[in-house]
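# Topology and contacts: notes
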Amino acid sequence: MKSLNQKIVLEDSNITLYIKREDQIHPYISGNKYRKLKYNLHQAKAENKDTLLTFGGAFSNHILAVAAVGKDQKFKTIGIIRGEELVFKVNENPTLQKTQEFGMQFEFVDRVTYSTKREDSYLEKLKQKFGDFYLIPEGGTNELAVKGCEEILNEDDFEFDYICCAVGTGGTISGIINCSKSSQQVLGFPALKGDFLCEDIRKFVQRDNWKLISDYHFEGYGKVTSELISFINDFKMKYDIPLDPIYTGKMVFGVIDLVQKNYFPSGSKVLLIHTGGLQGIQGMNLRLKNKNKTLISI
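Criteria and thresholds
- Residues numbered from 1 in each chain as written.
- Predicted model: local features only at pLDDT ≥ 70, side-chain atom pairs only at ≥ 80, totals over all residues.
- Heavy atoms only, no water.
- Helix = DSSP H or I, 4+ residues; strand = E, 2+ residues; numbered from the N terminus.
- Buried < 20%, exposed > 50% of the residue type's maximum accessible area, 1.4 Å probe, protein only.
- Salt bridge = Lys/Arg side-chain N within 4 Å of Asp/Glu carboxyl O.
- Pairing = 2+ DSSP bridges.
- Contact = heavy atoms within 4.5 Å.
- Axes fitted to C-alpha atoms, helices over the stretch in contact; angles between N-to-C directions.

In this structure, Gln279 sits in the loop between β10 (269-274) and α11 (280-290). Taking the relative accessible area as the measure of exposure, Gln279 reaches 15% and is therefore buried.

Here it is, written out as structure tokens:
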């Protein structure tokens, strides 16, 4: 699967920017979700599992991608959803509604229960309830997901000096680090607060040609500001490239801000990875509409 690298022309800058359109891989199994699920599906089939079980929140790209791939590959899918109040709001939530259309069975749990999702005792309870299943962690990150993300870059991308991507659970950037050249610098832009991601990434990589830039999370996961919304809408109008407000929008904002601050040496070639997640715009726009705020262009 090869994505198009689309040039972004910045005036008064001697920096060459391209964006890799991983979002165009598939309408629902797009970007890093396709990459993360690829080898997990191979493993599930090798283990003769017919059910995929995973975890996610109300507007999770991952939950929707698992449901879509389950329908496509003939797997039964089960989603453990954070927030028991959502059981009565599925039809008000475009992500959960589409996920349900793809055939996923939901289990809505309170936040305390959800926090135990990695504990063996809780996973055993789920097996007793749902039978044997192939477990995919929240966000999809595991060793097989990293293996899939190692296929994001191809030979054409080795000419770039910098590779930039958004960071959620750390799987995507880990794969990119592993397949990058040692001469390249990989920059990650976390979508949430906290320094714990460095340790998570180090579990999967052996190189040191990377760093996290934590100045562009816009107050945390799922948070947006009028400045970010304005940027995303202006970017869409100028380049005809939609950006999601949770991940890629923040990363692109950060990269362009760094260009303006002369972070990159003159003449640098920079590749930005568009990791998809565009379905999340609908959910964000519902929240923005309820607050009478400007909506995000799709």
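Additional details are given in the paragraphs that follow.
This paragraph deals with the pattern of salt bridges. Inspection of every chain in the model, using the stated rule, returns 16 salt bridges. Each of Glu47, Lys49 and Asp132 takes part in a single network of salt bridges with overlapping partners.

The four strands lie next to each other as β5-β4-β3-β6, forming an open sheet whose pairing is parallel. At either margin of the open sheet sits one strand with a lone partner, and together these are β5 (105-109) and β6 (134-135). In terms of strand pairing, strand β3 (residues 51-56) meets β6 through two bridges, oriented parallel. Of the residues in β6, the one forming a bridge with Leu53 is Leu135. In the packing of helix α5 (residues 120-130) onto the sheet, contacts are made with β3, β4 (76-82), β5 and β6, and the angle to β3 comes to roughly 135°.

We now examine the sheet that holds strand β2 (residues 16-21). The six strands are arranged β1-β2-β10-β7-β8-β9 in an open sheet whose pairing can be described as mixed. Single-partner strands in this sheet number two, and they are β1 (5-8) and β9 (210-212). Each neighbouring strand pair of the sheet contributes to a mean axis angle of 25°, computed without reference to strand direction. In this sheet, β2 lies alongside β1 in antiparallel orientation, the contact comprising four bridges.

Let us look at the environment of Glu11. Topologically, Glu11 is positioned in the loop between β1 and β2. Sequence separation between Glu11 and Val66 is 55 residues, and the spatial gap between their C-alpha atoms is 40 Å.

Right, let's get into the pairing of β3. Taken residue by residue, a regular strand's side chains alternate between the two faces of the sheet. Most of β3 is tucked away: six of the six residues are buried. The two faces of β3 match: Thr51, Leu53 and Phe55 on one face and Leu52, Thr54 and Gly56 on the other face are all buried. Where β3 lies against β4, six bridges are found, and the strand directions are parallel. Across the sheet, Leu53 pairs through a bridge with Ile78, a residue of β4.

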